[in-house]
Amino acid sequence: MNRTIDHCAFGGLELYDLRTAANDVGLTPTYGGEHSTGTTHMAVVPFPDGSYLELIAPTLGTDAENADFWPTHLAADAGPTAWCLDVADVRATAKAAIDAGISVDGPHEAARERPDDRLVEWDMCFEGDDERLPFMIRDRTPREYRVPRASPNTPIRGLQTVVIATRDRDSTAALFARRHRYPSPIDINGPFSNFAVLPGSPVALCEAGDGVLAERIEEVGEGPCAFLVGVTDLDRARQTLSLGGEQRYSDRRMAWFDHELFDGRLGVVELA
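### Observations concerning the sheet that holds strand β13 (residues 223–231)
And then number 1: The strand order β10-β11-β12-β9-β13-β16-β15-β14 describes an open sheet built from eight strands, whose pairing is mixed. A single partner strand is all that each edge strand has here, and the edge strands are β10 (186–187) and β14 (247–249).
And then number 2: Taken together, the five bridges between strand β9 (residues 156–166) and strand β12 (residues 203–207) define a ladder with parallel strand orientation. If you follow Ala165 over to β12, its bridge partner there is Cys206.

### Digging into unusual backbone geometry
And then number 1: That bond from Gly106 to Pro107 is cis: its omega, 5°, falls within 30 degrees of zero.
And then number 2: Looking at the secondary structure, you find Pro107 in strand β6 (residues 104–113).
And then number 3: In this model, Asp117 sits at a positive phi of 75°, which is unusual for a non-glycine residue.
And then number 4: Inspection of the secondary structure puts Asp117 in the loop between β6 and β7 (119–127).
And then number 5: A residue is classified by how much of its surface remains accessible, and Asp117, at 58% relative accessible area, is exposed.

### Details of the nonpolar core
And then number 1: Leu27 and Trp83 are the most contacted members of the largest nonpolar core, which totals 50 residues.
And then number 2: When residues no more than four places from it in sequence are discounted, the contact partners of Leu27 are Ala22, Val45, Phe47, Ile156, Leu241, Phe257 and Leu266.
And then number 3: Ranked by size, the runner-up nonpolar core spans 20 residues in total, among them Ala9, Cys84, Val120 and Val147.

### Considering empty space enclosed by the protein
And then number 1: Inspection of every chain in the model, using the stated rule, returns one cavity of 30 Å³ or more.
And then number 2: Its boundaries defined by the atoms lining it, the largest cavity holds a volume of some 120 Å³.
And then number 3: Surrounding the largest cavity, 14 residues form its lining, His7, His35, Glu54, Trp122 and Met124 being those nearest its centre.
And then number 4: For the lining of the largest cavity, the secondary structure elements donating two or more residues are β4 (52–58), β7 and β8 (135–139).
And then number 5: With three residues, β4 is the single largest residue contributor to the lining of the largest cavity.
And then number 6: The residue makeup of the lining of the largest cavity, split by class, is nine nonpolar, two polar and three charged.

### Comments concerning the environment of Asn194
And then number 1: Mapping Asn194 onto the fold places it in the loop between β10 and β11 (195–197).
And then number 2: The spatial distance from the C-alpha of Asn194 to the C-alpha of Leu266 is 19 Å, given a sequence separation of 72 residues.
And then number 3: Leave out the neighbours within four places in its chain, and Asn194 touches Arg169, Leu205, Cys206 and Glu207.
And then number 4: One polar contact links the side chain of Asn194 to the main-chain carbonyl oxygen of Glu207, over a distance of 3.2 Å.

### Considering the pattern of salt bridges
And then number 1: One pass over the full model with this rule turns up 18 salt bridges.
And then number 2: Residue Glu222 is joined to Arg132 by a salt bridge in which the shortest nitrogen-to-oxygen separation is 3.9 Å. Of this pair, Glu222 sits in the loop between α6 (212–220) and β13 while Arg132 sits in the loop between β7 and β8, placing them 90 residues apart in sequence. The same class applies to Glu222 as to Arg132, namely buried.
And then number 3: Note that Asp187 is salt-bridged to Arg169, the shortest N-O span being 2.5 Å. Here Asp187 is found in strand β10, whereas its partner Arg169 is found in helix α5 (residues 169–180), with 18 residues between them in sequence.
And then number 4: Through salt bridges with shared partners, a single ionic network connects Asp235, Glu246, Arg248, Arg253 and Glu270.

### Structural notes on the pairing of β12
And then number 1: Where burial is concerned, most of β12 is hidden: four out of the five residues are buried.
And then number 2: Two elements, β11 and β12, share three bridges in a ladder whose sense is antiparallel. Residue Ala196 lies in a different strand from β12, and its bridge partner there is Leu205.

### Section: the sheet that holds strand β3 (residues 40–46)
And then number 1: Ordered in space as β1-β4-β3-β2-β6-β7-β8-β5, the eight strands form a closed barrel in which the pairing is mixed. Mean inter-strand twist for the sheet, computed between neighbouring axes without regard to direction, equals 35°.
And then number 2: Pairing between β7 and β8: four bridges, direction antiparallel. In the sheet register, Asp123 faces β8, and the bridge partner there is Arg138.

### Section: helix α3 (residues 90–99)
And then number 1: Taken residue by residue, α3 has Val90, Thr93, Ala94 and Ala97 as its buried positions. Taken end-on, α3 shows its buried residues confined to a sector of 105°, consistent with a single buried face. The exposed set on the far side of α3, more than 90 degrees from its buried face, consists of Arg91, Lys95, Ile98 and Asp99.
And then number 2: In the core, the buried residues of α3 are packed alongside β6, β7, β8 and α5.
And then number 3: A distance of 3.0 Å separates the backbone nitrogen of Arg91 from a side-chain oxygen at the start of α3, and that oxygen is part of Asp89.

Definitions and cut-offs
Residues numbered from 1 in each chain as written. Predicted model: local features only at pLDDT ≥ 70, side-chain atom pairs only at ≥ 80, totals over all residues. Heavy atoms only, no water. Pairing = 2+ DSSP bridges. Helix = DSSP H or I, 4+ residues; strand = E, 2+ residues; numbered from the N terminus. Buried < 20%, exposed > 50% of the residue type's maximum accessible area, 1.4 Å probe, protein only. Core = buried A, V, L, I, M, F, W, Y, C linked by side-chain atoms within 4.5 Å. Contact = heavy atoms within 4.5 Å. 1 Å grid on protein atoms, 1.4 Å probe; cavity = no way out; pocket = protein on both sides within 12 Å on 5 of 7 lines; lining within 4 Å. Points joined across faces, edges and corners; volume = space filled by probe spheres on them. Nonpolar A, V, L, I, M, F, W, Y, C, P; charged D, E, K, R; others polar. Polar contact = N/O pair within 3.5 Å; in protein donor to acceptor, adjacent residues only side chain to side chain. Salt bridge = Lys/Arg side-chain N within 4 Å of Asp/Glu carboxyl O. Axes fitted to C-alpha atoms, helices over the stretch in contact; angles between N-to-C directions. Arc of directions from axis to C-beta.

See below:
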């Protein structure tokens, strides 16, 4: 199974606000157009390793609750919404999920039209009853239609870690082991309490007690609560990115992007 992230979705009520926040912290989003359902549109923040952050919101005149993608998250202005793996065959991965006793929604054909009128098309499939597991994607058009090329002259490499908020860490770890053969969790120092990584995977887990994460799970369910972008050097990253105070991620340095929309939800971590 592919253990690298294709992209992560960061959702909100207004795409303008998400794009403005990204620009304010030194990220450069490119408007990607409206999805074929007509209820959501998006912008892409591409990274040199080929992964990207998708900023997604309802289209003008669409109530968030009526959006075809992640309406609960968009209505809650929840930020981290879902994450995705690129696979060779969406139908085969859907069958693998079913064989593992996991429900699937799809495969579905999907598309969006870019501002230059180029149509981007792909197949996708969602797995499970919440957003803990990644959804799967396979391009039908060339991948460069979907993902703009990023400048390599940056300390940013790409999306490294999806932090999953869960009610029960052991049951969520067992879910990832059953579906993706991810290993058992290892406790580390990190940006949340009850924090652990699944070594060799892009997944970290935080078990919610009382407080903000518990409220988040009550509002939008278990699933991603933060995304971390890998950088080669945190000090160099600060020269072009607006970042908050330094924190620890095991034996590495990390920081949240210094904006209220991203604080505690989108950050950077030094690569090992």
